[in-house]
Structure formats: structure tokens, C-alpha cells
Amino acid sequence: EIVMTQSPATLSVSPGESATLSCRASQSVTSNLAWFQQKPGQAPRLLIYGASTRATGIPARFSGSGSGTEFTLTISSLQSEDFAVYYCQQYNNWPSFTFGPGTKVDVK
Amino acid sequence: QVQLQESGPGLVKPSETLSLTCTVSGGSVSSRGYYWGWIRQSPGKGLEWIGSIYHSGSTDYNPSLKSRVTISVDTSKNQFSLKLNSVTAADTAIYYCVRSLYDSSGFYSSWGQGNLVTVSS
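Here, residues in each chain are numbered from 1, in the same order as that chain's written sequence. The order in which chains are written sets their letters, starting at A; the order in which ligands are written sets their numbers, starting at 1. With pLDDT at 70 or above as the cut-off, local features in this predicted model cover only qualifying residues; side-chain atom pairs require 80 or more to be listed or tallied, and sums for whole chains, interfaces and linings still use all residues. For side-chain calculations, the full set of non-hydrogen atoms in the structure is used, while hydrogens and water are omitted.

As for the overall build of chain A
Helix numbering and strand numbering both begin at the N terminus, where a helix is a DSSP run of H or I of at least 4 residues and a strand a DSSP run of E of at least 2. Scanning chain A from N- to C-terminus turns up zero helices and 11 strands. Each helix and strand of chain A, placed in order from N terminus to C terminus, yields the pattern β-β-β-β-β-β-β-β-β-β-β. Radius of gyration: C-alpha atoms only; globule rule: 2.2 Å multiplied by the number of residues to the exponent 0.38. Whereas a compact globule of 108 residues would reach a radius of gyration of roughly 13 Å, chain A reaches 13 Å, a difference of no more than 12%. Working definition: with a 1.4 Å probe on protein chains only, accessible area under 20% of the residue-type maximum means buried, over 50% means exposed, and in between means partly exposed. Each of the 108 residues in chain A was classed as buried or not, and the buried ones make up 45%. We call two residues in contact whenever any of their non-hydrogen atoms come within 4.5 Å of each other. Partitioning the intrachain contacts of chain A with sequence separation of at least 6 by distance along the chain shows that 57% fall at a separation of at least 24. Summing over all exposed atoms, chain A offers an accessible surface of approximately 4,700 Å²; the carbon and sulfur share of this is 46%. For every accessible area listed, the method is Shrake-Rupley and the probe measures 1.4 Å; residues are considered covered only by the protein chains on display.

Observations concerning the overall build of chain B
The secondary structure content of chain B amounts to zero helices and 11 strands. Ordered by position from N to C terminus, the α and β elements of chain B give β-β-β-β-β-β-β-β-β-β-β. Over its C-alpha trace chain B gives a radius of gyration of 13 Å, about what one expects of a compact globule, namely 14 Å for 121 residues. In terms of overall dimensions, chain B has C-alpha extents of about 40 × 25 × 20 Å along its principal axes.

A look at the pairing of strand β3 (residues 19–25) of chain A
All names here are of chain A. Residues Ala 19, Leu 21, Cys 23 and Ala 25 point to one face of β3 and are all buried, whereas Thr 20, Ser 22 and Arg 24, pointing to the other face, are not buried. Strands are treated as partners if at least two bridges between them are detected by DSSP. Strand direction decides the pairing type here: strand β1 (residues 4–7) and β3, joined by four bridges, are antiparallel. Each bridged residue has a counterpart across the sheet, and for Ser 7 the counterpart in β3 is Ser 22. Across six bridges, the pairing between β3 and strand β8 (residues 70–75) is antiparallel. Its bridge partner lying in β8, Cys 23 is registered against Phe 71.

Observations regarding the nonpolar core
To define a nonpolar core, start from buried Ala, Val, Leu, Ile, Met, Phe, Trp, Tyr and Cys residues and group those joined through side-chain atoms within 4.5 Å. If you look at the biggest cluster of nonpolar residues, it comprises 44 residues, and the most contacted ones within it are A:Leu21, A:Trp35 and A:Tyr86. The residues touching A:Leu21, leaving out its near neighbours within four places in the chain, are A:Ser7, A:Leu11, A:Trp35, A:Phe71, A:Thr72, A:Leu73, A:Ile75, A:Tyr86, A:Thr103 and A:Val105. If you look at the next biggest cluster of nonpolar residues, it comprises 26 residues, including B:Trp36, B:Leu65, B:Ala93 and B:Val117.

Quick notes on the pattern of salt bridges
Each reported salt bridge corresponds to a side-chain nitrogen of Lys or Arg within 4 Å of a carboxyl oxygen of Asp or Glu. Counting across every chain of the model gives six salt bridges over all chains. We note a salt bridge from A:Arg61 to A:Asp82, for which the minimum N-O separation is 2.8 Å. Here A:Asp82 lies in the loop between β8 and β9 (85–90) and A:Arg61 lies in the loop between β6 (53–54) and β7 (62–67), a separation of 21 residues in the sequence. Residue B:Arg40 is joined to B:Asp91 by a salt bridge in which the shortest nitrogen-to-oxygen separation is 2.8 Å. With B:Arg40 in strand β4 (residues 35–42) and B:Asp91 in the loop between β8 (79–84) and β9 (93–100), this residue pair connects regions lying 51 residues apart in the sequence. A single network of salt bridges, built from pairs that share partners, joins B:Arg40, B:Glu48, B:Arg68 and B:Asp91.

Some words on the sheet that holds strand β3 (residues 18–25) of chain B
Residue and element names in this part refer to chain B. Pairing is antiparallel in the open sheet, where four strands are placed in the order β1-β3-β8-β7. On the outer flanks of this sheet lie β1 (3–7) and β7 (69–74), each paired with one strand and no other. Averaged over all neighbouring strand pairs, the angle between strand axes comes to 20 degrees, with direction disregarded. To obtain each axis, a line is fitted to C-alpha atoms, and for helices this fit is confined to the stretch in contact; angles are then taken between N-to-C directions over 0 to 180 degrees.

Section: the side chain of B:Ser100
All names here are of chain B. Turning to its location among the elements, Ser 100 is positioned in strand β9. Accessibility expressed as a relative area gives 0% for Ser 100, which makes it buried. Every residue in contact with Ser 100, bar those within four places of it in the chain, is listed here: Gly 33, Tyr 34, Tyr 35, Phe 107, Tyr 108 and Ser 109.

Overview of the interface of chain A and chain B
Each partner contributes to the interface: chain A provides 16 residues, whereas chain B provides 19 residues. Put simply, buried area is the surface a 1.4 Å probe can reach on two separate parts but cannot reach once they are joined, added for both. Counting the surface lost from both chain A and chain B, the interface buries some 1,500 Å², and carbon and sulfur atoms represent 69% of this. Polar contact is the term for a pair of N or O atoms within 3.5 Å; when the atoms are in protein, one must be able to donate a hydrogen and the other to accept it, and sequence-neighboring residues count only if both atoms are side-chain atoms. On inspection of chain A and its partner chain B, the count reaches five residue pairs in polar contact (both at pLDDT 80 or more). When residues of the side of chain A that touches chain B are traced back to their parent elements, those giving at least two are β4 (33–38), β5 (45–49) and β9 of chain A. A total of three residues in the side of chain A that touches chain B trace back to one element, the largest contributor, which is β4(A). Each residue receives one of three labels: charged for Asp, Glu, Lys and Arg, nonpolar for Ala, Val, Leu, Ile, Met, Phe, Trp, Tyr, Cys and Pro, and polar for the others, Gly being one of them. Counted by class, the side of chain A that touches chain B contains 12 nonpolar, four polar and no charged residues.

The quantities given are spatial measurements derived from coordinates; they are silent on function.
Below, the structure written as C-alpha cells:
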């Protein structure tokens, strides 16, 4: 099983600032990496797939990068609605897709 | 815009079978190119992919759950279902039904609101 780790566990950011979240895979997942946003009481929402492709309707302030084992989600100019938990997920290892433990982005 | 809605009991006894149904609206479970699946979320294990079924009926399951899981489709009702047998407290979680992007596998763009299932006597 590919183990996904995320850092930091919690990121405190002021509105308007940018946030950089990291995701690491225990072995290469090439570019088969997705990012999700989850707010309390809601289902996760797909933000990014293919490591860098924004899903439909996702604002341009969300960007993904990386390949292999190291990935980054950058949120530029955080809005109030962006404070949430963010998960990465690999889908390279069929059929054993795995998620990271999440990074909580909260208000500084 | 496809919408997914889970339904099923919120409480299941240990050793029994957990059964959930996902009703699909705004799309068809028979549509070519989509994977329909189940993901669960618990405080202890986080998000865990359970398995998926393709429009053709072929299934894939998480190896860690494979011996206990069955996912099936009912095209007449536009639903798909999850059965997980021999449950324990470790199966307590929010269960989400999901759909993939068209012609993509492994990640899911549409999610139901979730169904909390507690395993307890």
C-alpha cells in the first residue's frame, strides 16, 4: 500500500495571504494525485487531479504541482471560504487508492 | 449535474451486514465511462476507498476489505449498493457514495452527503 503523508498538520494563515500544503507518497505515483477540500459537515470536494489540473468550477487561486513522490497545493490570497481541511489522494496504485491524513488550514 | 444520495440504517450490530444504497439523479448508472464507488471516513482511519463498479458491472475492491465487500448496480432503479459483512466497531464511519469524472478512474468528482453508520450492539 502506498502511504500518503501531509505537512503540516495545521497551517495558520491570515486572509489574503497564500498557503502552501505538502503531500508526499511513500513511492512514486507519477502524476496520479488529487487534492480535496472538506469543510465541517460536508463531503470532500475535488479541487485538483492529475497533480495540476483544476476541477470544473475551482478558482484559479488553487494550483497544484509536483510528480513522483512530492506534491504541493498552493492557495494564493486565501478567502474566508478556503479555511478547511485539505486531503491529497493517490490513484496510481490500482486498486488500492489511498488518502493522506489531511492539513487543516485555519485563521491566524 | 449528477446528484448522489445515500440511504440505509444508521446502526448495525457487530457481526452483521452493513447495507447502503446510493440513489442517482441527473445521470444514469448505465452511462458509459463512469466509475461508481464508495468511500468511508472515520476519525481513526481517515478517508478510505472501499471499492467501485464500472458501467459494465466490473468491480474493484480495496484489498484490505475485499473479502467482506460487495458493490452492485440496479439499473432499473438507477441505484448502486454496498454490502459489507461481518462488521465490527472499526467499520463505524461516514459512508459516501461517489462518481468519477468521465473516462477517469481512481478519483471522484461527485459525492453524496454521507451516511453515518455506527456499529454497536
